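A look at the structure
Each chain is listed here by its residues.
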Amino acid sequence: MKKNFLALLFVCSFANAQVISKNKSAVLSSVEKHQQDLIKLSDQIWGFAETAMRETQSSKVLSDYAESQGFKVTRGVAAIPTAFIAEFGSGKPIIGILGEFDALPGLSQKAQPMKEALKDGAPGHGCGHNMFGAGSLGAALSIKELIAAGKLKGTIRFYGTPAEEDLAGKVWMAKAGLFNDLDVCLDWHPDYENKANMQSSQAVTDFSISFMGKSAHAAFDPWNGRSALDAAELFTTGINFMREHVKPSVRMHYVYTKEGNVPNVIPAEARVWLWIRDSKRTGVAEVAERMKNIAKGAALMAGVDYDIKLNSGLYELLINETGAKTLQANMNLVGPISYTKEELDFADKIMKEYGRESKGINGAIKPLEVTKDDPPGGSTDVGDVSYIVPEITLLATTAPYEAPWHSWVVVACGGMSIGHKGMLFASKALGTTMVDLFENEKLRQDIKEEFLKRKGKEIWKAMLPEGPPPVPKN
Ligand SMILES: [Zn+2]
């Protein structure tokens, strides 16, 4: 009795005195029970800091842990060595949860409020994917335990999804059909606010445009040469003139990846790497067609050949309000994140070091937002998953308010307790939400109906080149 009474007190402090079901209470206890393991996994991956499709050690610690906890693990799915699936249970419903773990080049940073690389020039977790993978696995584990105990029926499936920052890992997994039989899929992302995501993301297509000319001595007989660099410059000039005649939601950005070696040799080869984004995939496709004509025109003007290579493309994220509302209720059940004085001081110091005003850390739970017409800038390969299966996305605070993303600040916070707290909050909020998804068939139907309505007539098709995934050789 005493034990039960204590358990009740424990649960009430979590739940802000709301009524909490036995299964949800079990999810919260499971995350508490495994929290040292989850923090260790997150910190290990933070230390490995491996970039897209090179996440060998990160993928190994996550998949080994899942296996040690009784999941059936399949490694190297979709012909990507670092992609894996960890599954438990059988039959319907099948609920999926995504876990990323790739880092960003050049962002190495110690877990301290002053800028200092852990290893000069090495990658770092500037997007917090170390917490993403471990936090999602924590949520999946809490559900696995409920299925094992006979309290829930169906299948829980954790997707180890590499290469989000580059190379479109999930699109390759989607092309292999790995998400097709899911009823609902969940994911989360580190952020500086706790909220059930109601905003879409930008669709993007990634191209390499090559120009092939003829080299010659730039002073002795330039008339015998044809400059590929001229064509590349004419091409980007054309792109910049097009900016006036595209919708405000369009973004186009490029870099030159090859432009010649020395001024006295007419460049025979030049290459531009270009990304086109818009709030909808169809908008990107329209601009991409115009871009192709600009490349053709530039090549004609310079008298050179050209080639356009599609590297990858991502769909915009389809949000699901029914799912987001369910998540919101469970976030409220878990309750806000509180911080110690040391953590608040860390946040103040790191923001000042970065050169921004410190606004503390926001551990509160934001009310559900209204969906904006134009999504915030940025793209994710979760968008492709959201066109195949209804997707519910959580954002959890792992950094000070308005912290600069993809910077050393996020790396530092993701390697210490501010990040850990956000990750454990995510595990609990996603785990309790999954309890609703397993238990409530009507909810799953409503979520699916909304998904079909939002998707409309669009048929998902992977925007990828032919052949196998671009797994790096070393
Ligand atoms: Zn990210």
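Residues numbered from 1 in each chain as written. Predicted model: local features only at pLDDT ≥ 70, side-chain atom pairs only at ≥ 80, totals over all residues. Heavy atoms only, no water.

Check the secondary structure of the protein and you find 13 helices and eleven strands. On the principal axes, the C-alpha backbone points of the protein span a range of 95 × 50 × 40 Å. Looking at the protein residue by residue over its 474 residues, the buried ones come to 57%. Restricting to contacts in the protein with at least 6 residues of sequence separation, those with at least 24 account for 81%. As displayed, the protein has an accessible area near 20600 Å², and 55% of this comes from carbon and sulfur atoms. A distance of 4 Å separates the average location of the 54 positive side-chain charges in the protein from that of its 56 negative side-chain charges. (Helix = DSSP H or I, 4+ residues; strand = E, 2+ residues; numbered from the N terminus. Buried < 20%, exposed > 50% of the residue type's maximum accessible area, 1.4 Å probe, protein only. Contact = heavy atoms within 4.5 Å. Areas by Shrake-Rupley, 256 points an atom, 1.4 Å probe, with all protein chains shown as cover. Lys, Arg positive; Asp, Glu negative; His and termini not counted. Charge placed at Lys NZ, Arg CZ, Asp CG, Glu CD.)

Turning our eyes to something else, we now look at unusual backbone geometry. Residue proline 93 is reached from lysine 92 by a cis peptide bond, and omega for that bond is -5°. Inspection of the secondary structure assignment puts proline 93 in the loop between strand E2 (84-89) and strand E3 (94-99). Even without glycine at this site, methionine 53 takes up a positive phi of about 65°. On the secondary structure map, methionine 53 appears in the loop between helix H2 (22-48) and helix H3 (56-68). Phi is positive for leucine 167, which is not a glycine, with a value near 75°. Residue classification places leucine 167 among the partly exposed residues on the basis of a relative accessible area of 23%.

The coordination sphere of the zinc ion, as far as protein atoms go, consists of Cys127 (SG), His129 (NE2) and His189 (NE2), spread over 2.1 to 2.2 Å. Coordination of the zinc ion draws on donor residues from a single chain, spaced C-x1-H-x59-H in sequence. In this pair, histidine 129 is assigned in helix H4 (residues 129-148) and histidine 189 in strand E5 (residues 184-191), connecting sequence segments 60 residues apart. Residue class for histidine 189 comes out buried when judged on its relative accessible area of 18%. (Donors = N, O, S within 2.8 Å, 3.2 Å for Na, K, Ca; no water.)

A word on the sheet that holds strand E9 (residues 269-278). Pairing is antiparallel in the open sheet, where four strands are placed in the order E8-E9-E7-E10. Edge positions in the open sheet fall to strand E8 (251-258) and strand E10 (305-314), since each of these has one partner strand only. Recorded for the sheet is a direction-independent mean angle of 20° between the axes of neighbouring strands. Both strand E7 (residues 203-212) and E10 contribute to a ladder of nine bridges, which runs antiparallel. Looking at E10, one finds that serine 210 is bridged to aspartate 307. (Pairing = 2+ DSSP bridges. Axes fitted to C-alpha atoms, helices over the stretch in contact; angles between N-to-C directions.)

Within the fold, asparagine 23 resides in helix H2. With relative accessibility at 10%, the residue asparagine 23 sits in the buried group. One polar contact links the side chain of asparagine 23 to the main-chain carbonyl oxygen of lysine 151, over a distance of 3.4 Å. Dropping the residues within four chain positions of it, asparagine 23 is found in contact with Leu146, Lys151, Leu152, Val435 and Glu439. (Polar contact = N/O pair within 3.5 Å; in protein donor to acceptor, adjacent residues only side chain to side chain.)

On to the pattern of salt bridges. As enumerated under the stated definition, the model contains 24 salt bridges in all. A salt bridge links aspartate 64 to lysine 60; the nearest nitrogen and oxygen atoms lie 2.7 Å apart. Here lysine 60 and aspartate 64 lie together in helix H3, a separation of four residues that amounts to about one turn. Residue lysine 60 is classed as partly exposed on the basis of its relative accessible area of 49%. Between arginine 454 and glutamate 450 there is a salt bridge whose closest N-O contact spans 2.7 Å. In this pair, arginine 454 and glutamate 450 are both assigned in helix H13 (residues 441-455), four residues apart and thus about one turn of the helix distant. Owing to a relative accessible area of 36%, arginine 454 belongs among the partly exposed residues under this scheme. (Salt bridge = Lys/Arg side-chain N within 4 Å of Asp/Glu carboxyl O.)

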